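The chain contents come next:
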Amino acid sequence: MNLLLIDDESTDFAEAVRQKIVAFNQVQWQGLSRKNLGLKLQDSEGKLLAGISGKTFGNWFLIDYLWVDESLRHQKIGSRLLLEAELKAKARGCQFALLDTLDFQAKPFYERHGYHVQWIQQAYPETGSKFFMVKAL
């Protein structure tokens, strides 16, 4: 058998590998599935002003993104989105939340909401830090 090692930086290839891992993991996690969770704030014309997106998976609420338009920051909108999303995750049976944030982003905001740093990825992507934070719901 001839085996070839081939460079492939395409998103299609990355997705194919991801699907192989998902299929492998699913055998261990039968009955569990990821379910998207998202909330958005928009104006009457449909313009996105703020939002939170993530997914629930077993005991965990995995937060991917929380964003508030600069013009609306410091008005408790981010807090409202976060707290409402946590309530929805809890209603789905989640006991914990997990997120990551960069050193120039929202670490103090999340700490005020009960999140604690579990791990710091140093030198990310070169000189900064990425904080992985968790919270018991």
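Here, the structure is the one placed above.
From a predicted model like this one, the values you see are computed outputs, not experimental measurements.

Time to look at the sheet that holds strand E2 (residues 48-57). Spatial strand order, E1-E2-E3-E4-E6-E5: 6 strands in an open sheet with mixed pairing. For this open sheet the edge positions go to strand E1 (35-42) and strand E5 (116-122), each flanked by a neighbour on one side alone. With strand direction ignored, the average angle separating the axes of adjacent strands in the sheet is 20°. Relative to strand E3 (residues 60-68), E2 runs antiparallel, the two being bridged by 8 bridges. Opposite Ser53, over in E3, you have Tyr65 as the bridge partner. The sheet strands contacting helix H2 (residues 77-91) are E1, E2, E3 and strand E6 (129-136), and the helix crosses E3 at an angle near 160°.

This brings us to the packing of aromatic side chains. Tallying each qualifying case throughout the model produces 5 aromatic pairs. Plain terms: the ring middles of Trp29 and Phe57 are 5.1 Å apart, the flat faces sit at 75° to each other, and that makes the pair edge-to-face. Here the residue Trp29 occupies a position in the loop between helix H1 (11-28) and E1, and Phe57 occupies one in strand E2, the gap between them amounting to 28 residues. Residues Trp119 and Phe132 carry aromatic rings whose centres are separated by 5.0 Å and whose planes lie at 35° to one another, so their mutual orientation is tilted. Of the two residues, Trp119 sits in strand E5 while Phe132 sits in strand E6, which places them 13 residues apart along the sequence. Since its relative accessible area comes to 22%, Phe132 is described here as partly exposed. An aromatic cluster of at least three residues, connected via ring pairs, comprises Phe109, Tyr110 and Tyr115. When the ring centre of Phe131 is taken as reference, the NZ or CZ atom of Lys107 above it lies at 5.1 Å.

Parameters at a glance
Per chain, residue numbering runs from 1 following the sequence as it is written. The predicted origin of the model limits local features to residues at a pLDDT of at least 70 and limits the giving and counting of side-chain atom pairs to 80 or more, whereas totals for whole chains, interfaces and linings rest on all residues. Where side-chain values are given, they derive from all heavy atoms of the structure, hydrogens and water being excluded. Paired strands are those between which DSSP finds at least two bridges. Strands are runs of DSSP state E lasting at least two residues, helices are runs of H or I lasting at least four, and both sets are numbered from the N terminus onward. Orientation is described by lines fitted to C-alpha atoms, with helices fitted over the stretch in contact, and by angles between N-to-C directions that extend from 0 to 180 degrees. Any two residues whose heavy atoms approach within 4.5 Å are treated as being in contact. The aromatic pairing rule takes the rings of Phe, Tyr and Trp, using the six-membered ring of Trp, and pairs them if the centres are within 6.5 Å, calling planes under 30 degrees apart stacked, those over 60 edge-to-face and the rest tilted. For every residue, the accessible area (1.4 Å probe, protein chains only) is compared with the maximum for its type, and the residue is labelled buried under 20%, exposed over 50%, or partly exposed between those bounds. Sitting over a ring, as applied to charges here, requires NZ of Lys or CZ of Arg to be within 6 Å of the ring centre and within 35 degrees of the ring normal.

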